[in-house]
Each structure stands twice: as C-alpha cells, then as structure tokens.
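# Remarks on the overall topology
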Amino acid sequence: MRPTVKKILKKYVQIIPLVTLISGILAYMLNYFVYPDVPDDLFKTFGAAFIFTTTFTLFLVPAFHILDYYFPLRNIFEVIIHIVIQSGVLIGCYILAFYVNDHLFQIGKEMTGQDWFYNFTFTMLIAMFVIITFYIQMFINRMREADEKTLQAELSALRAQVNPHFLFNSLNSIASLVKTNPDQAEQVTEDLAELFRYSLQSSKKHEVTIGEEIGSVKTYFSIEKTRFGENIQLNVDAMPGVEVYKIPALILQPLVENSVKHGYQQTGGPFYIKLNVKNENGTIRIEVADSGPGFGTLDPEVIFSRGNGLSNIRDRLRLHYGNRAVIRPDGNCVIITVPTD
Amino acid sequence: MKESGNIRILITDDEQHARNRLHMMLKELDIAITVSGEASNGREAINLIKKEKPDLLFLDIQMPVLDGFDVIELLGDDCPPVIFVTAYDEYAIKAFEVHAVDYLLKPVRKDRLKEAVYRVIKKMESGAESRSIKQMMTEIEPRPRNLLHKVPVNYKKEIRLIDHHEIFWFEADGKYTRVHTTGGKTYLCDFNLSNIEERLNNTTFLRIHRSAIANLDYTEKIEPWFKGGYRITLKDGTELDVARRRVDYLKAKLGL
C-alpha cells in the first residue's frame, strides 16, 4: 500500500496548487463579467477555489486508486463503473466543499437559485476537465506500462525457455546417444526441435490451449528423462475436458522446469513431480507439486524475488487476467487459479 | 588392464550419457589412460577418490546436493588435478578463463579433450599440479551454492550425508563443524559453521551462538539466562546458550 500512498500524495502536490490557481483566475474573471456591479474580493474567490479544488482532489484521487484496485481500467464496463462511482463522489464533494465555503466565506448567503446554478455548473466544468485530463494521462501511462511489461515478460519467457544449461546438456546427451543408441538420439533431437518450435511460436501468441501447454510439458520432460533416467518421474493428471481452455503461453513448462532445476538439484535421489489440472466450478486450478524440500520459506515475496521464473509467470498472469488469476507458492507446490471465461 | 605409467582417471557427472560419452572419447584417445571409475554424484566421487586415488578427475560442476566445488572443498589435499566439464555455468566460466585450471564445455570436442589431457600430463611431469585449483577456489567469484539439504560428514574415511531431521545441533570446531545427531553420534563435517549456516536456509535451524546452530524442532525448553541471554534445552538434554544479540532472531522464529 506504501507506494500507492506516495503516488496519491504526489498527485495532491501536482493538482491542488495548479488547479486552484487556474480555477481562481477563471472564477475571478467570471465574477467580473456576470456580476460587474459586485465589488471583487480576491481573497474570497481564491479561498473558495482552493477549498473546492482541495476537497475534490482529496477524495477523488484516492477513490480512483481504490476503484482501480477492484476495477482496473481495461474495458468499457470498468470505465462505466468508474464514471458512475466518481460522479457520486463528485456530487458529495461539491456539497461538502460548498458547505465549508459557506461557513468560511458566507458565499451562500445572498445567492439566488441562478447564482447557485452558475456556481455549480462552473465548478463541475472545471472538475470534469481536470478529471478527464487525469484519466487520459493515467490511461496513456497504463498503456505504455503494459506494453513494456508484455515485451519484458515475453523476452524473459523466451530467455528462460532457451535455458543454456538445459540446451547444452541435451546436445551433449544427443552426442553421446548418436553412438550408443541412435534411435534415442533421433527421438531427443525431434523432441528438442518440437520444444523450441513451440516456444518460438507460442511466445508470439496471446494464448494457447491447456492441451498444448501440457503437450510441451511432456516433450520437455521426455528430454529431461533422457538426461536423468528413472530418477525423475512426472505424473500428469488433467481433468477430461480441461484441455480446450485457453491460458497465456509458456506457463506450465517453466513451472515443471523449476521443479527439476531447484527441487531435483537439492535432493538428487528419486524425484517425483505431479502436475494436476482441474476445473473447479468455472475456475481452472493448476497445481505443480514435487517431492523436493519445497521453498524453505512461507513468505511469498521472498519466493517471488528469487529470480526463479515465478515472478515472470505472475506478471504475465496479471497482465492477462488482472486480479482474477492467482499464483501461490505453498510448501513444495505452486498453485495457479485462472478464470475460464 | 591397469598398467603402471597409465593415467588413472575418474569421471564425475550426474548424467549417465555425459559419463558414457566422456568415457568413450577418452578410450579413443591414443594416450595411456585408464578410466578407473565413474561417479554419478559428489558423495560417490569423494568416496571413490579417497579409495582409488586417481591421477586425474573429470568433474561436472552442477550436480545435485554436493556440486563440483563442494567435491574439491571436501577433498582438500586429497584432491587430484581437476579438469572441469560443464554445460554452461555463467559464474564458473569467467573464473576459468582467468585461471590456469583447464575446463571443457559440453558437448566436448575430441581435439579439445586431447589438449586438456596433455596439458595436465605436462603439468604433472613438471610437478606443478593441483595447487592452482585451491588457489582458484579462493579467487572464484561468489556464486549461489546449492542449499545443503543433506549435510556431508566424515565417517570411516567416507563421506556420508545426514538428513536435517537427524540433526540436533551443529557445533563449531575450528575450521570444521561437529554434527550432533539424533542417533546420539557426533560426526565431523569439513565445512565451517558459517558456511553451513549460510547454506541451510531452513526454517528449523538457527544460529544461536558464535559456535552453535540448533535445530529448533528439537527444542524442549527455553529459559532466560544471564546477561539478557537465553538457554535452550534440546530433547536429548543438551543445554545450549543463546547469545544476547541472537535472542531476537530466536523469538522471531518461534513467534514469541
């Protein structure tokens, strides 16, 4: 929550003085034209502008961040929710600010219905202008951020895919098998080609089916099995019908690779991995568990910061699903839940 | 087929096909060598080397539990000249390039293998052999090491691996560490206490004192002791002092 608080304070500093100044000047000019015979009160005008601006900013900016947390701006439905709720906040703020202003500067005392209408329209116009500018700016930032993140995520997914240790060891296995077991050498070469082709193609795609992902896990694992023999075992358990659902590419195989890389490296002996995919009432639940020692800590932030590819998967899930997907390391397994729609 | 004058070689790699290939290629070289054994992990390698005393060791770096660097460290002066064989190790390769010890990248080329073996033979003849390995080990840049999910201890001239749940506590003993086990036996481990502490990274172990790491799962009693320190009693009755400045860690770990 800390960075958000910082962001909100920064916005206050950016918005309040500037908008106070502009709206004060505008109000002053408007007063001059609408009420030429009323003596000007500079202090009153700018004071009222300051109260209006501060009240609106004070409530609308945090409201934006709260709304953004629950309804991140991605489609028209979320934009409408923002507009409806923010309009309510806006009216509330106007009433509050008007009350404060009336109390401080007695602006409401000799106001007629028409004066009040002018005041309301004028304040709302300025507020709307500022809010629209604010949202457009947020939108542009958001889009730029998303682009960068997608690119980075794709890059690191690819890089993780071309794990040099895995590649060179596999080539070494092939070099050895060419003489001792040419058939198996052929098999491994084909598997390796298939795996890399899948990575290259799917990294360009937005999403792939769970069936395709499971296929690449099996290809990957058959190569690892050539390297480590019967020491490692994989058990894939996918609920019938679950294969057709789509998820972002390159999610499953990196998880299994993580198990081999970290779990097997620490145990050495017989090592089991279980990949379980289920459909639980419209939510896909993916679980990768292994017989290794686990993460050694219960703090997910520590686990995600270890540079083991999990944070990359988390980033990509977030980009794709917003808050509707969850990735959770738990003991010696990782659980992912994603919506089916 | 052992002949005097032959160079006796030990191959260590956790992958069967990698061992096979190296073995085949070595046989095809027209140098008088004998492959005296193959080891599929660090522990096996150490025990075989102590028994067979080979002249040359081909050593993979990334292996489960005990990696190539552990093997060298645990063997100490018993370590024969080493040729590293690695697929890709971003930490090691840089160090190798600077230092004299030879290393090979998988898949190994035949002529490169021949060159490496000749280089070692030359060095052996001139008498300047494995000193450089130990020197290199101290200069190698820090790399993330395998966590010790099993602790290597000496037992009758062999290396044994002890599981965490078999360990009551660790006691510093100069450069070495005494490992007190639930079986009532005490073993000597060639790593020092700080090295062990760093590589345990486990929620059940805690360094409670300059010279002790305790397994908190086996703690029976904790009581305040002198000078703001604490004293814990393990299930076997061992009493250990907790240094004052480590009390906070203990409390945090136990959720006090």
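Before going into details, it helps to say that this report is about the structure given with it. (Residues numbered from 1 in each chain as written. Chains lettered and ligands numbered in written order. Predicted model: local features only at pLDDT ≥ 70, side-chain atom pairs only at ≥ 80, totals over all residues. Heavy atoms only, no water.)

## Comments concerning the overall build of chain A
What chain A contains, in helices and strands, is 10 helices and 7 strands. A principal-axis box enclosing the C-alpha atoms of chain A has dimensions of 105 × 35 × 30 Å. For chain A, with 341 residues in total, the buried portion stands at 43%. Restricting the contact set of chain A to residue pairs at least 6 apart, pairs at least 24 apart contribute 70%. With the model as given, the accessible surface of chain A reaches about 18600 Å², and the carbon-plus-sulfur share is 64%. Both charge centroids of chain A, one from 30 positive and one from 33 negative side chains, sit 4 Å from each other. (Helix = DSSP H or I, 4+ residues; strand = E, 2+ residues; numbered from the N terminus. Buried < 20%, exposed > 50% of the residue type's maximum accessible area, 1.4 Å probe, protein only. Contact = heavy atoms within 4.5 Å. Areas by Shrake-Rupley, 256 points an atom, 1.4 Å probe, with all protein chains shown as cover. Lys, Arg positive; Asp, Glu negative; His and termini not counted. Charge placed at Lys NZ, Arg CZ, Asp CG, Glu CD.)

## Here we look at helix 5 (residues 110-126) of chain B
Taking 1.5 Å as the rise per residue, helix 5 of chain B with 17 residues should run 24 Å; its terminal C-alpha atoms sit 25 Å apart, in good agreement. Among the structural elements, strand 1 (7-12), helix 1 (16-28), strand 3 (56-60), strand 4 (82-86) and strand 5 (103-105) of chain B are those in contact with the buried residues of helix 5 of chain B. (Expected span 1.5 Å × (residues − 1).)

## Looking at the interface of chain B and chain A
If you look at the interface, chain B gives 24 residues, while chain A gives 24 residues. Approximately 2100 Å² of surface area, both sides summed, lies buried where chain B meets chain A, with 54% of it carried by carbon and sulfur atoms. The largest per-residue losses of area from chain B upon contact with chain A belong to Glu15(B), His17(B) and Tyr88(B), which jointly make up 27% of the total buried on that side. Seen at the junction of chain B and chain A, the total is 2 salt bridges. A salt bridge links Glu15(B) to Arg227(A); the shortest N-O distance between them is 2.7 Å. Our enumeration of links across chain B and chain A arrives at 6 residue pairs in polar contact (both at pLDDT 80 or more). Broken down by element, the side of chain B that touches chain A gets its largest block of residues, 7 residues, from helix 1 of chain B. Of the residues assigned to the side of chain B that touches chain A, the class counts are 10 nonpolar, 8 polar and 6 charged. (Buried area = accessible area lost by both parts, 1.4 Å probe. Salt bridge = Lys/Arg side-chain N within 4 Å of Asp/Glu carboxyl O. Polar contact = N/O pair within 3.5 Å; in protein donor to acceptor, adjacent residues only side chain to side chain. Nonpolar A, V, L, I, M, F, W, Y, C, P; charged D, E, K, R; others polar.)

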